[in-house]
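Residues per chain are reported as follows:
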Amino acid sequence: GGPGPRDSGGMPGSKGLLVNPGQRDSPSNQATSQSAAVPQSSSPRSAAPAPAPAPAPAPKLSADQISKRIANTLEEYVEMNDLKEVMATLDELPNKDQHHDIVVKSLEMAFDATKHTECLVKLLDELYENKVLSTKHMEKGFEDVLEFFEDMTIDFPSAPKVMGSFIVSGLAEGYVSWDFLKSTSDRFMKGSNYQPKFLGSVLKSLMETLGAEEGRKIWQESGKALSDFGVTDQAAFVNGNQLADLFPLQRIEKSVIAMLEADKSDQEIIEEVESMIETVDREVSRCVVKCCLGKICQELGGREALKQVTSDNLIEPNEKACFSKRQELLRRWLGKDCDQSYALFELQDCVRGLEYPPGFFSRCLATLYDLEVIHEKAIEDWLQPPDNRDPFLTAARKRFDVRDNIEAKKQAQKFVEWLRKDENA
């Protein structure tokens, strides 16, 4: 007798059909279903999160803390050879100007433990190659050590050899120059007997690392003289530092003089010189020219006899005969104009030593030109060394003071005027 099934959603005339409310596709049910799947656009937006607080600035490292961090990194490097770790440490430093400290610490560590030298030299090379360290960093690091280097050698006797290894690698890689070495040693060592010792340690390392031949080439290309580093006695310096293979001129000069005195032939002397050295460079050829000029002047009677010559001729037969006798030897290694110009500075030095006998310099130039030992271009380059090439010629001229160079040009003027007149004819 209770109520029958409720037809809440039936249409009129549905004949009492029963429908499950959950299955009814009414507009209200559609809205409910959609609202469950998609958030309503009318709901309020959630609040944006508060910005994170700025990180506190890293505490500034003191100089001692930086040095300690670099020292610890180097200790790890010599064990692990992890270049990236060293680069990361340097990158963390607050100021790149402090990067030079790794050069200082590398040197100090190698002084204290020479077994690490090769490893630390390689590290500096790689840091420079990867542009982590600049030439400025390198020079500042070396300067800081060289300022007190003489005192350091007391506590670390191996320091000169170790320093030489670092410098030679720097020369090869390009972050150390001879100009830098000269200026720095002048600042901290000039006037003391340690400056030549410093150069000696560098040159010994140069020869031991690269060999005598390559070492000699690098030294010659530097344009520097031993005297630039305070060397006053070249023979004593070479012997004391065992550099005879790097500077063979002393042995060669002694041998050539002896053979000239014994009246050996040019060919015999040439063979002897070439047996003593692998490559005859311009220093050796200039040495041979020096020996020949000395012997020729001796045969002509020396200073007093030459001062008595009053001839106005540019070529004197007896003088030409003496030069002709050694023509082959004089020409042997003077094939290039620049080498001829270089040899002319030896002639200048020879005539200066004779106190410039009247007309003798012009006659020597004329005779050598006539025998085709020297060419016109070589004479012009001797008179005015070119700025843009062959820097060794400019360096050779600078070894004479201004008055000597003026006097030499004056003594050569007669031949030079003839040469230029003949050229313009």
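Residues numbered from 1 in each chain as written. Predicted model: local features only at pLDDT ≥ 70, side-chain atom pairs only at ≥ 80, totals over all residues. Heavy atoms only, no water.

Participant: Break down the overall build of the protein chain for me, citing the residues and quoting the values.
Facilitator: Along its length, the protein chain carries 23 helices and zero strands. Counting across all 425 residues of the protein chain, residues that qualify as buried make up 43%. In the protein chain, the share of contacts with a sequence separation of at least 24, taken over all contacts with a separation of at least 6, comes to 73%. Within the structure as shown, the protein chain displays about 24000 Å² of accessible surface, and the carbon and sulfur contribution to it stands at 50%. (Helix = DSSP H or I, 4+ residues; strand = E, 2+ residues; numbered from the N terminus. Buried < 20%, exposed > 50% of the residue type's maximum accessible area, 1.4 Å probe, protein only. Contact = heavy atoms within 4.5 Å. Areas by Shrake-Rupley, 256 points an atom, 1.4 Å probe, with all protein chains shown as cover.)

Participant: Can you lay out the packing of helix α8 (residues 159-173) against helix α10 (residues 194-210) for me, pointing to particular residues and giving the numbers?
Facilitator: Two quantities define a packed helix pair, namely the angle between the helix axes and the distance between the axes. Between α8 and α10, the shortest axis-to-axis distance is 8 Å and the interhelical angle comes to 60°. Classified by the angle between their axes, α8 and α10 sit oblique to one another. Pair α8 / α10 crosses with right-handed handedness. Contact residues: P160, K161, M163, G164, S165, I167 and V168 in α8; Y194, F198, S201, V202, S205, L206, E208, T209 and L210 in α10. (Axes fitted to C-alpha atoms, helices over the stretch in contact; angles between N-to-C directions. Parallel < 35°, antiparallel > 145°, perpendicular 65-115°, else oblique. Left-handed = near helix turned anticlockwise from the far one by under 90°.)

Participant: An account of empty space enclosed by the protein is requested, with residue identities and associated values reported.
Facilitator: Counted by the stated rule, this structure contains one cavity of 30 Å³ or more. Considering only enclosed or pocket space, the largest cavity measures out at about 60 Å³ in volume. Of all elements in the fold, only α15 (282-299) and α19 (337-353) reach the threshold of two or more residues within the lining of the largest cavity. The element that contributes the greatest number of residues to the lining of the largest cavity is α19, accounting for three residues. In terms of residue class, the lining of the largest cavity is built from ten nonpolar, no polar and no charged. (1 Å grid on protein atoms, 1.4 Å probe; cavity = no way out; pocket = protein on both sides within 12 Å on 5 of 7 lines; lining within 4 Å. Points joined across faces, edges and corners; volume = space filled by probe spheres on them. Nonpolar A, V, L, I, M, F, W, Y, C, P; charged D, E, K, R; others polar.)

Participant: Describe in detail the layout of surface pockets, supporting the description with residues and values.
Facilitator: The space that makes up the largest pocket amounts to roughly 900 Å³. Contributing to the lining of the largest pocket are 32 residues, with Q234, L249, E283, R286 and R399 lying nearest its centre. With six residues, the single largest contributor to the lining of the largest pocket is α15. By residue class, the composition of the lining of the largest pocket is 14 nonpolar, six polar and twelve charged. Its boundaries defined by the atoms lining it, the second largest pocket holds a volume of some 290 Å³.

Participant: Lay out the environment of G215 with the relevant residues and their values.
Facilitator: Mapping G215 onto the fold places it in helix α11 (residues 212-222). For G215 and K204, which are eleven residues apart along the polypeptide, the C-alpha to C-alpha distance reads 9.2 Å. Not counting the four nearest positions on each side in its chain, G215 is found in contact with L206, L210 and L246.

Participant: Describe in detail a negative patch on the surface, supporting the description with residues and values.
Facilitator: Together, E75, E76, E79, D82 and E85 make up a region of like negative charge exposed at the surface. Ranked by residues supplied to the negative patch, first place goes to helix α2 (residues 63-80) with three residues. Structurally, the position occupied by E79 is in helix α2. (Patch = residues over 30% accessible without salt bridge, like charges linked within 9 Å, V, L, I, M, F, W, Y side chains within 5 Å. Salt bridge = Lys/Arg side-chain N within 4 Å of Asp/Glu carboxyl O. Lys, Arg positive; Asp, Glu negative; His and termini not counted. Charge placed at Lys NZ, Arg CZ, Asp CG, Glu CD.)

Participant: How would you sum up the nonpolar core? Please name residues and give values.
Facilitator: Counting residues in hydrophobic clusters, the biggest one holds 60 residues, and the most contacted among them are F142, M163, W178, F198 and L203. Setting aside its immediate chain neighbours within four residues, F198 contacts L146, F149, M163, I167, L181, S185 and M189. The next biggest cluster of nonpolar side chains, apart from the first, holds 59 residues, and it includes C292, L330, C364 and F392. (Core = buried A, V, L, I, M, F, W, Y, C linked by side-chain atoms within 4.5 Å.)

Participant: Explain the packing of α15 against α19 to me, and be specific about the residues and the numbers.
Facilitator: Running from N to C, α15 and α19 cross one another at 40°; their axes reach a closest spacing of 9 Å. When the axis of α15 is compared with that of α19, the two are oblique. Judged by the twist between their axes, the crossing of α15 over α19 is right-handed. Packed against α15, whose contacting residues are R282, E283, R286, V289, K290, L293 and C297, the element α19 presents D339, Y342, A343, F345, E346, L347 and C350 at the interface. Tallied by class, the residues present in the contact of α15 with α19 amount to eight nonpolar, no polar and six charged.

Participant: Give a detailed account of the environment of W418, specifying residues and quantitative values.
Facilitator: Position of W418 relative to the elements: it lies in helix α23 (residues 402-424). Residue class for W418 comes out partly exposed when judged on its relative accessible area of 39%. As a C-alpha pair, W418 and L314 span 104 residues in sequence and 9.2 Å in three-dimensional space. In this view, W418 contacts L314 and Y369; residues no more than four positions away in its chain are not counted.

Participant: An account of helix α20 (residues 360-370) is needed here, citing residue identities and associated values.
Facilitator: The element α20 is largely enclosed, with a buried count of nine among its eleven residues. Those residues of α20 not exposed but buried are F360, F361, S362, R363, C364, L365, A366, T367 and L368. Following α20 by one or two positions, E372 adopts a phi angle in the positive range, close to 60°.

Participant: Please provide a residue-by-residue account of helix α9 (residues 178-189), values included.
Facilitator: The terminal C-alpha atoms of α9 lie 15 Å apart, and with twelve residues this matches the ideal 16 Å at 1.5 Å per residue to within 8%. For α9, every residue scored as buried is listed here: W178, F180, L181, T184, S185, D186 and M189. Contacts made by the buried residues of α9 are with α6 (135-146), α8, α10 and α11. G191 lies just past α9 and shows a positive phi near 90°. (Expected span 1.5 Å × (residues − 1).)

Participant: Could you give an account of the pattern of salt bridges, naming the residues involved and the relevant values?
Facilitator: This structure, assessed with the given rule, holds 24 salt bridges. Note that K140 and D144 form a salt bridge whose closest N and O atoms lie 2.9 Å from each other. A residue pair is termed a helical-turn pair when its members lie 3 or 4 positions apart in one helix, as K140 and D144 do in helix α6 at four residues. Relative accessible area serves as the criterion here: at 26%, D144 is assigned to the partly exposed category. Notably, a salt bridge pairs R420 with E380, separated by 3.0 Å at the nearest N-O pair. Highlighted residues: R420 in helix α23 and E380 in helix α21 (residues 376-383), separated in sequence by 40 residues. Look at E380 and you get partly exposed, because its relative accessible area is 25%.

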